Structure formats: C-alpha cells, structure tokens
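# Structural overview for review
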Amino acid sequence: MKTLLTGRGKLWNSSSKCPDVFILCERFLSSYIGISNLQQRALSSTSGINEEHIEKFNGKRQEVDNVCQILESGPWGTSLEKALSTYNGSTQSDLVISVLRKLKDVNLALNYFQWAEKKSNQPHCPEAYNSLLMVMAKSNNFDQIEQVFQEMSFAGFGPSNTTSVELILSCVKIHKLKQAFDLIQLMRRFKFRPAFSAYTTLIGALSTIHEPDLILTLFHQMQELGYEVHVHLFTTVIRVFARESRLDAALSLLDEMRSKYVDGDIVLYNVCIDCFGKAGKVDMAWKFFHEMKAHGIMPDDVSYTSMIGVLCKANKLNEAIELFDELEHKKRVPCAYAYNTMIMGYGMAGKFDEAFKLLEKQRLKGSIPSVVAYNCILTCLGKKGKVNEALKLFDEMKKDASPNLSTYNILIDTLCRSQNLEKALEIQESMKESGLYPNILTLNIMIDRLCKSQKLDEACLIFEKMDHKVCPPNGYTYCSLIEGLGKMNRVDDAYKLYEQMLDANVTPNAVVYTSLIRNFFKVGRKEDGHKIYKEMIRKGIIPDLTLLNTYMDCTFKAGETQKGRALFEEIKVHNMSPDARSYSILLHGLIKSGFSKETNSILHNMKKQGCVLDTPTYNTFINGFCKSGQVNKAYNLLEEMKSKGHPPNVVTYGSVIDGLAKINKLDEAYMLFEEAKSKGVELNVIIYSSLVDGFGKVGRIDEAYLIMEELMQKGLTPNIYTWNCLLDALVKAEEIDEALVCFNSMKDLKCTPNGITYGIIINGLCKIRKFNKAFVFWQEMQKQGVQPNVVTYTTMISGLARSGNVIEANRLFDRFKKGGGIPDSGCYNTMIEGLSVSNRAMDAYLLFEDCRMKGCNVYLNTCVVLMDSLHKAECLEQAAIVGAVLKETAKAHHASKSM
C-alpha cells in the first residue's frame, strides 16, 4: 500500500506539471498557433502517459500479489518451488524486492530469497538484501542475520543507512537494547558503517536504563567512523556517567569535548550543575554555574533552580537564599519552579515559618502557589514527623490549590509512618469525594508501611480488598508483603503469595527472591532456600550482587562453608565483581569455620581487584588476623585504616585489644584502650572483659581489679564472662577467699552464675583440699538447675574420692557415665585410688580394667595402691595382672625419660 501511494504520488506530480508547461507555451505561441489545437494535443498526450504508467503499475502489483499468494499457500517445499517456477518473472530482481517488502515471515522470506538467487543464477542486488533485513527488523527475528551480513560482505556492500536504523529501532521498540548493541557490534565486525541515527537512537535508549559502559563504547565507535559528535550527544553521555556517580569519566568527557573545540551550551551546563550537585559535588556545581557566565552564557531559570536545589540538599541554605534573591532581582515574573525548590529547602532545614512566608510572598507577587509547592512542604513535614501540622496544611492548601493524587499519597505515607492507620484510611476514603481514587502507589504505601509496622493482617486485608482488574498489584506490592510475612517467620504464606504473583504474570525480581531465600534460611529451612535459588535460575532471572551476598551469608551461617565459597566464585561467573560486603561475608564465614588463616590471601585478592575497604570490612579483616594469631598484621591494618580516613570504632578497638591480650601483650593492649577512650569511642563490656581476662591470666590481679572498677564506674554492668575471667584469675592465684567474695558480689548484682562459674569455684576449693565446701557448691549448682560440664564433673569426683567420700564419688561417677559423660585419665585414677584405700579392691580393679579398655593411662602410683589393696584382699590373680601392667608402665616411663 505504501509503494502504491508513493507510485501514485510520483505519477500525479509528473502529470500535474505538464498542463502548466503547455499553458505557458500556449501563451507564448498564441499569436502563431491556434490555441485550442495546441492544448488539445498536450492534454491527449498527458492522458496517454498516465494510462500507460497506471496499467504497468497495476500489472506489477498483481504479479507481487500472485507470488505472495503462492508463498503463503503452504509450507516451503518441492510443490511450492514448482508453483513458483511455473510463474514467469518470479525471479526478477524488482519483483523479488517487492515481494520481500510485503512478506512478514522471516523463514519464508529467506527461503524465497535463496530460491530466487539459485533459480536465476544471479547474485541479488543490495536493495534485495536490504529488503530481507527489513523483514528481519519487522519480525525482530535475527537468527540468520550473521549469515546475511557475511554474504553482503563478500559481495562488497553493507546495509543502507535506512536499514541499519530500522534494525536498531526494531530492538529499541521492544526494549531489547543489549540485542541492538550486539547488532551494531556485528555490523562493525563485518566492516559495515552503521548509520549515525542508528548510534544516536541506541545511545538515547541506553541512557534511560543506566548502561554507561555500552554508551561509551558506541560513542567512541562513532568517533572512529568519523562521525561528528555534537554537543547534544556529549551532553547525553556526560549525564549518564554523572548520574551513575562516575564523575571522573564525566569530567574526562568534558575535557575531550573541549579538546575537540565543541562549545558547551546552556543545556550541557544545566545538566552538569544538576548531576554533579546530586552526586554531592557542590563545589563542582558552583564551578559550572560560574563558568557558563564566563563563556557568555546567561544562566536561565533551570540553571538557578538546579543550583538552589543543590545548595539546599548540601545544607547550604544561606547560599541558596542569596542565589534565590539574585534570581528574584532579575525576574519580574516569579519562577514557580524556583519558589518550589526554595520552599523545599526551607522545609528540609525544618524552617517551616520561612517556607510559609515564601508562599505568602509568591501569592503577593500575583503567582498563586501550586499544588507542587504545598506537596513540598507536606513532604518535609512528614519526614520531620510533624503529623498535626501536615493535616492542618492539608486543610489550608485547598484555598489555593486542589490536592492531587501525590498530595494524598504524601499524607497517607506520613500517617502510616506515625502508626495512625485509622486517619490514613479516613484520608483514603476522602479522596473519592474529590474525584480521585487510590492508585497502586497509594495502596503500596499503605501495605509497605503496615508490613514494616508488623501489622500484617491489616496489610493482607488491603491486598485482598484491592480490585485486581482496575488496580492490579505490581511487583512492589508483592515484594512488600512477601518481605513482611517472611520477617515474621510466615514463610509458607510468603511462598503462597509468590505463587500468586506468578499466576498474575508479575515477574518476581531479585529482591523477592532475596527475601524468600533469606527468610527460609532464617527459620532453618535451608533446603527450601536452595530450591528457591534454583527455581530463580531456571526461570532465567539473573541474580544481582545483593542476592548473591545474602545467599552466601545464609549458607555460611548454616555451616555450609564449601557452598559459601562456591557462591563467592559464582559472583564472577555472572560478570560481577565482588564488593566490600562480599569479601566481608566470605571472610566472616571462613573465620567461623576455622579458616581464619586465609585472611591474608583474601585481603590481597580484594586489594588486587581494586575494591575499596570501608569500616565494616576493615573490622572483619582485623578480626580475622586476630583470630589467626597474626595480631601484628591486624595492628598494621588498624594504622592503614586511620591513614585512609576511616576512624576505628568500638568493634575495631575491641578486636585488636582482645588479640593483644590473648598473646600477653597487655601493655600494648592497655595503650590502645587508652587511645580509644581519648578519641571518645564508647567502650563496651566486651573490651573491658578482654583486659580483665588478659591481666588475670598472667597474674596481674591488681590491674584486673582496676579495670573491673573502671567498668562499673562507667555505668556498665559486668556480664557473666567478665566475672568468670576475674574468678578464674583469683583461683589460679590461689586467692580462693577473694574469689568467694567476688562470687557473692556477682549474685548481689543479679548476675546468675553458670556452669563455668561453679566449675571455677569447685576447682579452686578442691585445689586447696576443701572438698566438703566444694561439694556444697556442687549441691547448690544442682538446686539451681545448672548442668555441670565434663571438667566440673571430673573435678568434683576427684575431690570427693580424695577426701575419702568414696561412696558419693562413686555415685557421682556412675551418674556422670550414664549421662553420656566420658571420664578422663585423671578421673579414673582418682576413683581407683579412692576405692583401693576404702578396701573396695575388686571395685577398684573393675574400674582399672574399664580404664584400660577406654584407652586411658593408668598412673604408676595408682597401680601400686591398687596392687597393695588386692594383696590385702587376697585377690592374687588380679594383683599379678596389675603388677604386670605396673612393670610395663614403669619400663615405658623409663624409656621416655631416657629419650
């Protein structure tokens, strides 16, 4: 049809000129030739040409229709080829081109294209190839395009400018921008020259989806091909890099633009002010603002408003006011956009009185404040938690502007954040009176805020009441509910909602899968977490770095060290680079699994990659070095951290102080402790406990006491670990009485003793042979329901046996074994000696045999005592066996001494 209209247009245009020519001739020759005869001949001649052209055109159109009818009559095969062969002219170049332009099926077009070439034994012309490529563009099917490009390359020509643009445009229209990029690269591989518009179309599309690297590649290719890149194209590319916070690249592009003598315009400068300002580079934004003046470009309303906005966000309100006043002085008519920005600035600074004064000033200048101005103030009031003021302004604003959907959404969000759900629902209902209806954003705000407030039943109720046909839930709706349910351990409900999401043809994103994986692992259902990840991969959803980091963290916490390692490597498989959090998770997981010695190699790889360490990452590596005993490296990393501008926090100091204390470098640990205090770091109980433990273990009890006193003076409460460290130090110094005083003090301070505490006291009392008192603590321990550990059991059993209370010791020994306890050599030997002394020789002998069967050593003295007891009981056979063991043990003991 398009060809038909074009053809008719051409015919009509050529024919319409003929009468004009003949009329002029008629006027010029009117005195020599009869007018009527000349005009008649001209008109009859023109009519003959028209009829001939129309007849030929109609004939050609009929031929094209006939060939298309044959092609579409059935699948390609021998019968269809025969039908084409019987039709005269089916291989003519003009006819092939026209047929290709009409076809829609790529495979059919390719078969006909190849058949026509083979049948005519003539290569196709460039126009035929371009027509075939246009079929591919229309159907967005490029499976055979590389083969077609190869043939065109051999023939010495490439796609026309129009064709190359259409190929790219077809991909852009269906948002397949990576495919469009690959097509341009394929053209370049075959040495074709994609059209200027093909490049600019794709660059424009890529700028909306944050693909700066692809854009830069295309931009450089344009320059290599000799295309002149104008200021508008530079502006687009610079904007993309600046918005991605890749400011160095944006500045390099600016330098490149200047080196090519391309002058910046007002749009470029406005983009630079806005983008660099939003990236927090206020000085750079100011530089561009002044530079444009120096180049004779006067800042417009956009320039001033952008710069005012930048200054307000940087908390430079006074400078913003000065610039606003400068703009006001230059303009007779107020700039509403600048007023809105300045009002927002006052609101962000909490200066609401000034914001209201500016509203009044705008009104006095004849410019009624818009709904945008009021929305700005409402937003700021909401962020400051001023709910009543927001409600009051909402009522007052109706004098100047009708609230719009954004107004209601802002107010509902404010009310939901303040837990005022009833009022939020009331405001939602009042929307209908204003002719407005809640949109998906309104419902998402309510659902999200309710989920975060753990009011899941109310959130689910709103979801169920939604009219899914009029206002269908989107990905954000499902994501909020799935995350909310998962956080409250309702993982099955979250999964059902995920299935409902799939049924509604809403594609879950990486955030949804991250939530499901994390929450399944959190409730201990790690297999379900693994299944979710596999399902995501099967559906073709590409995980992002946050998901992989979360999944890796979950696997490490679940004790799956090898899986965690594999996921770290998988980050690279997906063409991503691990970030600081990735390395922190990896190292933290390995430290917990006992692989802290890998800290150095991981740090080396991280720095080699160029990954910048932040404070949490430094802390993880410092902890890793301390756990692996490489405290010097930890200290060096602490110094590096300071030099890089990352001030150490309580976690940093805690790790290094603990590491130094554990290797008895207590003076260095104490110096670091004092440094932390001098820098205002709020030290916690853990750090104090590390020093108490360190000083106590080396017998510096006075220093341990001083640290403990300082801890309590700071208003901190010693925990059970702190008390146990001090008690252990006192017991080791054999200051048992002092230990008992501390034990009573900790109970007075409402710190309940645990099994370790009782074990320390019992061990201390047994050391000084106060076995009966130790047994009193044992009984107290039982009454409190505290379960003794192996060390406490063996200490108490040994103590009772040594004190002669063999019956109680034996009872405790049997109870210990029945409870699954495994006695050590010391416990066995003490019991054997105790029973032997108490004239229970055969009981002692049976225990002797049990000890040997369990692989425990029998001491020389134990053998002597037991043998003596057996002789007294006239158990001569058993005494002989013990004697033989004694002889062998003595020999082994002598041999080890000789060595």
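The chain carries the name Pentacotripeptide-repeat region of PRORP domain-containing protein in an unreviewed UniProt entry, which gives Lactuca virosa as its organism. Word for word, the UniProt comment on the chain under Sequence similarities (unreviewed entry) is "Belongs to the PPR family. P subfamily."

Once that is clear, we can look at the state of the cysteines. All told, the structure shown has zero disulfides when counted by the stated rule. The thiol sulfur of Cys554 is not disulfide-bonded, and the nearest other cysteine sulfur, from Cys479, lies at 16 Å.

Applying the stated criterion to the full structure yields 27 aromatic pairs. Ring geometry for Phe289 against Tyr304: centres 5.4 Å apart, planes inclined by 75 degrees, an arrangement best described as edge-to-face. With Phe289 in helix H15 (residues 282–294) and Tyr304 in helix H16 (residues 301–313), the pair connects residues that are 15 residues apart, well separated along the chain. Assessed through its relative accessible area of 0%, Phe289 is described here as buried. Judged by its relative accessible area of 1%, Tyr304 is buried. Ring centres 5.3 Å apart and planes at 85 degrees place the aromatic pair Phe673 and Tyr688 in the edge-to-face group. With Phe673 in helix H37 (residues 666–678) and Tyr688 in helix H38 (residues 685–697), this pair connects stretches of sequence that are 15 residues apart. We classify Phe673 as buried; its relative accessible area is 0%. For Tyr688, a relative accessible area of 1% puts it in the buried group. Connected via pairs of aromatic rings, a cluster forms that spans Tyr495, Tyr498, Tyr513 and Phe520. The ring of Tyr227 is capped by Arg193, whose NZ or CZ atom sits 4.4 Å from the centre of that ring.

Turning our eyes to something else, we now look at the environment of Lys178. As for its position among the elements, Lys178 is in helix H9 (residues 177–189). Its relative accessible area of 47% is what places Lys178 among the partly exposed residues. Counting along the chain gives 36 residues from Lys178 to Leu214, while the straight-line C-alpha distance between them is 8.8 Å.

Attention now goes to empty space enclosed by the protein. Evaluated as defined, the whole model comprises three cavities of 30 Å³ or more. Considering only enclosed or pocket space, the largest cavity measures out at about 40 Å³ in volume. In terms of lining, the largest cavity is formed by Cys416, Gln419, Asn420, Leu421, Arg449, Leu450, Ser453 and Lys455. Each residue belonging to the lining of the largest cavity can be placed in one class, and the counts come to three nonpolar, three polar and two charged. Looking at the second largest cavity, its volume works out to about 40 Å³. If you trace the second largest cavity, you find it lined by Leu110, Phe113, Gln114, Leu132, Gln147, Val148 and Glu151. Only helix H5 (106–120) and helix H7 (145–155) provide two or more residues apiece to the lining of the second largest cavity. Partitioning the lining of the second largest cavity into residue classes produces four nonpolar, two polar and one charged.

On to the packing of helix H47 (residues 841–853) against helix H48 (residues 860–872). As a packed pair, H47 and H48 sit with axes 9 Å apart at the nearest point and diverge in direction by 140 degrees. By the angle between their directions, the pair H47 and H48 is classed as oblique. Regarding H47 and H48, the two cross each other, and that crossing is left-handed. Facing H47, whose interface residues are Ala841, Met842, Ala844, Tyr845 and Phe848, H48 presents Cys863, Leu866, Ser869 and Leu870. Considering only residue class, the contact of H47 with H48 consists of eight nonpolar, one polar and no charged.

Cut-offs used in this document
Residues numbered from 1 in each chain as written. Predicted model: local features only at pLDDT ≥ 70, side-chain atom pairs only at ≥ 80, totals over all residues. Heavy atoms only, no water. UniProt positions renumbered as here; feature names shortened; annotations may be inferred. Disulfide = S-S within 2.5 Å. Phe/Tyr/Trp six-rings, centres within 6.5 Å; stacked < 30°, edge-to-face > 60°. Helix = DSSP H or I, 4+ residues; strand = E, 2+ residues; numbered from the N terminus. Buried < 20%, exposed > 50% of the residue type's maximum accessible area, 1.4 Å probe, protein only. Lys NZ or Arg CZ within 6 Å of the ring centre and 35° of its normal. 1 Å grid on protein atoms, 1.4 Å probe; cavity = no way out; pocket = protein on both sides within 12 Å on 5 of 7 lines; lining within 4 Å. Points joined across faces, edges and corners; volume = space filled by probe spheres on them. Nonpolar A, V, L, I, M, F, W, Y, C, P; charged D, E, K, R; others polar. Axes fitted to C-alpha atoms, helices over the stretch in contact; angles between N-to-C directions. Parallel < 35°, antiparallel > 145°, perpendicular 65-115°, else oblique. Left-handed = near helix turned anticlockwise from the far one by under 90°. Contact = heavy atoms within 4.5 Å.

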